[in-house]
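# Architecture at a glance
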Amino acid sequence: MRKPSSCSSAGSRAAAAAVTCLLVTGMLVVTGGHPSSGEPEEPPAAAASGKVFSAYFNKLTRERRAISGPPRSSTPPGPVEHLSPGDLFIAVKTTGRYHRQRLELLLDTWISRNIQQTYVFTDGEDEKLRKRMGAHLINTNCSAAHNRQALSCKMAAEYDTFVNSGKKWFCHVDDDNYLNVGSLLKLLSQYSHTQDVYIGRPSLERPIEATERLDTAETVRFWFATGGAGFCLSRGLALKMKPWASGGTFMATAEHIRLPDDCAVGYIVEALLGVSLIRSALFHSHLENLGLVSDVRSQVTLSYGAVDNNRNLVNLKGPFSINEDPTRSLNVREYVASSAVPALLHVPVLISLD
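A brief report on the enclosed structure follows. (Residues numbered from 1 in each chain as written. Predicted model: local features only at pLDDT ≥ 70, side-chain atom pairs only at ≥ 80, totals over all residues. Heavy atoms only, no water.)

## Thoughts on the state of the cysteines
Think of a disulfide as a covalent bridge from one cysteine sulfur atom to another cysteine sulfur atom. Within the structure shown, the criterion is met by 2 disulfides. One disulfide in the model links Cys 142 with Cys 153; its S-S distance is 2.0 Å. With the S-S bond torsion at -75°, the cross-link from Cys 142 to Cys 153 turns out left-handed. Linking Cys 142 in the loop between strand S3 (137-139) and helix H5 (148-165) with Cys 153 in helix H5, this pair joins segments that are 11 residues apart in sequence. Both residues of the pair, Cys 142 and Cys 153, count as buried. Across the disulfide, Cys 171 is cross-linked to Cys 232 (sulfur-sulfur distance 2.1 Å). The S-S bond linking Cys 171 to Cys 232 shows a torsion near 110°; that makes this disulfide right-handed. (Disulfide = S-S within 2.5 Å. Helix = DSSP H or I, 4+ residues; strand = E, 2+ residues; numbered from the N terminus. Buried < 20%, exposed > 50% of the residue type's maximum accessible area, 1.4 Å probe, protein only.)

Given below as structure tokens:
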């Protein structure tokens, strides 16, 4: 799911944070931005052209240098903890209008292989999906609107459900993500779930700034992992977030800084708890040039996007044409079936049909 456009605040710094949030969380907007920020300026979907799209990805390619961000390494020396799929709590955020367009494809691919640890959080009841998922389909009764409040409402439900589950790891993805659970287990096994671990991928090359709604209007700076690529929290860290995230308080926290759900997670972890984001290049969103991704079997998440008639997807050939398989999911299925790879190590290809 794409993120809201309501990252508004008073004052120039808050406005800068709002513009940043629009860029980072998946909106296709035009903004002057700051050339030194390293953040690509994404063109509006309504007026995009092949030329603009090409220029956009040329800029992404030029800026593919390493992010000088969180100092923590995402590649520890070796496994620290043995994990099984049952140790994971995977939350997929969606909305009613994407149940057929996106979720059914995910159910036919990676979710069906990992149904016991996957929970879909939506905003309305669906009898057909209920028959397929049972209690793993969670109707949050949140608004179906695409704004900060609605998205934070769903994230609050995700967090509370995870805490009550007793699972070791909380991992959030959007409904246009394809998750490679085998690669995810391999990555998370390098950390202890009892320690403070927040891992994902920022979309900026600098921390975001937000103005807290206090009498002093204090400005805070922090990193956050974009929800469009997915992120994970260890149970040890998630429990420390309770004062600002449990029992619906997450929504109040998001309103406190007037930023969307993934930004609010970063605010709690980095600004309030002082835990640094661990950056991992194995998480991917539609904001990057997916054609540049190599060794797709090792990636944790991927995505799909398009502007006008230009497609942004993993470069994977197969028996199905682009018209038959616009997301490449069918070719991925064939690729997996023909390779001597365990089921959990299937190749991820993700979809977003906006």
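Okay, back to it.
## Here's the deal with the environment of Tyr 267
Assignment of secondary structure puts Tyr 267 in helix H10 (residues 261-272). As for Tyr 267 and Phe 222, which are separated by 45 residues in sequence, their C-alpha atoms are 6.3 Å apart. Those residues in contact with Tyr 267, other than ones at most four positions away along the chain, are Glu 212, Val 220, Phe 222, Thr 253, His 256, Ile 257 and Leu 272. (Contact = heavy atoms within 4.5 Å.)

## Brief notes about the packing of aromatic side chains
Across all of its chains, the model carries 8 aromatic pairs by this definition. Ring geometry for Phe 89 versus Tyr 119: centroids 4.7 Å apart, planes at 15°, classification stacked. One end of the pair, Phe 89, is in strand S1 (residues 88-93); the other, Tyr 119, is in strand S2 (residues 118-122), with 30 residues separating them in the sequence. Taken together through their ring pairs, the aromatic side chains of Phe 89, Tyr 119, Phe 121, Phe 162, Phe 170, Tyr 198 and Phe 231 make up a single cluster. Between the NZ or CZ atom of Arg 102 and the centre of the ring of Tyr 98, over which it lies, the distance is 3.7 Å. In this structure, Arg 235 is placed above the aromatic ring of Phe 162, and the distance from its NZ or CZ to the ring centre is 5.4 Å. (Phe/Tyr/Trp six-rings, centres within 6.5 Å; stacked < 30°, edge-to-face > 60°. Lys NZ or Arg CZ within 6 Å of the ring centre and 35° of its normal.)

## Some remarks on the sheet that holds strand S9 (residues 231-234)
Pairing within the open sheet is mixed, and its 7 strands lie in the order S3-S2-S1-S4-S9-S6-S10. Every interior strand has two partners, whereas the edge strands, S3 and strand S10 (278-279), have only one. Relative to strand S4 (residues 169-174), S1 runs parallel, the two sharing 6 bridges. Across the sheet, the residue bridging to Phe 89 is Phe 170, located in S4. (Pairing = 2+ DSSP bridges.)

## Concerning the packing of helix H9 (residues 249-257) against H10
For the pair H9 and H10, the least separation of the axes is 9 Å and the interaxial angle reads 90°. It follows from the interaxial angle that H9 and H10 lie roughly perpendicular. Note on element contacts: H10 touches H9 through Asp 261, Cys 263, Ala 264, Val 265, Tyr 267 and Ile 268, opposite Phe 250, Thr 253, Ala 254, His 256 and Ile 257. Its residues assigned to classes, the contact of H9 with H10 shows 8 nonpolar, 2 polar and 1 charged. (Axes fitted to C-alpha atoms, helices over the stretch in contact; angles between N-to-C directions. Parallel < 35°, antiparallel > 145°, perpendicular 65-115°, else oblique. Nonpolar A, V, L, I, M, F, W, Y, C, P; charged D, E, K, R; others polar.)

## Focus on the side chain of Lys 167
Relative to the helices and strands, Lys 167 resides in the loop between H5 and S4. Although Lys 167 is buried, it forms no salt bridge, and the closest oppositely charged side chain is Asp 87 at an N-O distance of 7.1 Å. (Lys, Arg positive; Asp, Glu negative; His and termini not counted. Salt bridge = Lys/Arg side-chain N within 4 Å of Asp/Glu carboxyl O.)

## Structural notes on the pairing of S4
Across the 6 residues of S4, 6 count as buried, placing the element largely inside the fold. Residue alternation in S4 divides its side chains into two sets, Trp 169, Cys 171 and Val 173 and Phe 170, His 172 and Asp 174, and both sets are buried.

## Digging into helix H3 (residues 99-113)
An ideal rise of 1.5 Å per residue puts 21 Å on 15 residues; H3 reaches only 18 Å between its terminal C-alpha atoms. At Leu 107, H3 shows its strongest bend, of approximately 60°. Among the residues of H3, those classed as buried are His 99, Arg 102, Leu 103, Glu 104, Leu 106, Leu 107, Thr 109, Trp 110 and Ile 111. Where the residues of H3 are buried, they touch S1, S2, helix H4 (127-133), S4 and strand S5 (177-179). (Expected span 1.5 Å × (residues − 1). Bend = angle between axes of the 7 residues up to and from the residue.)

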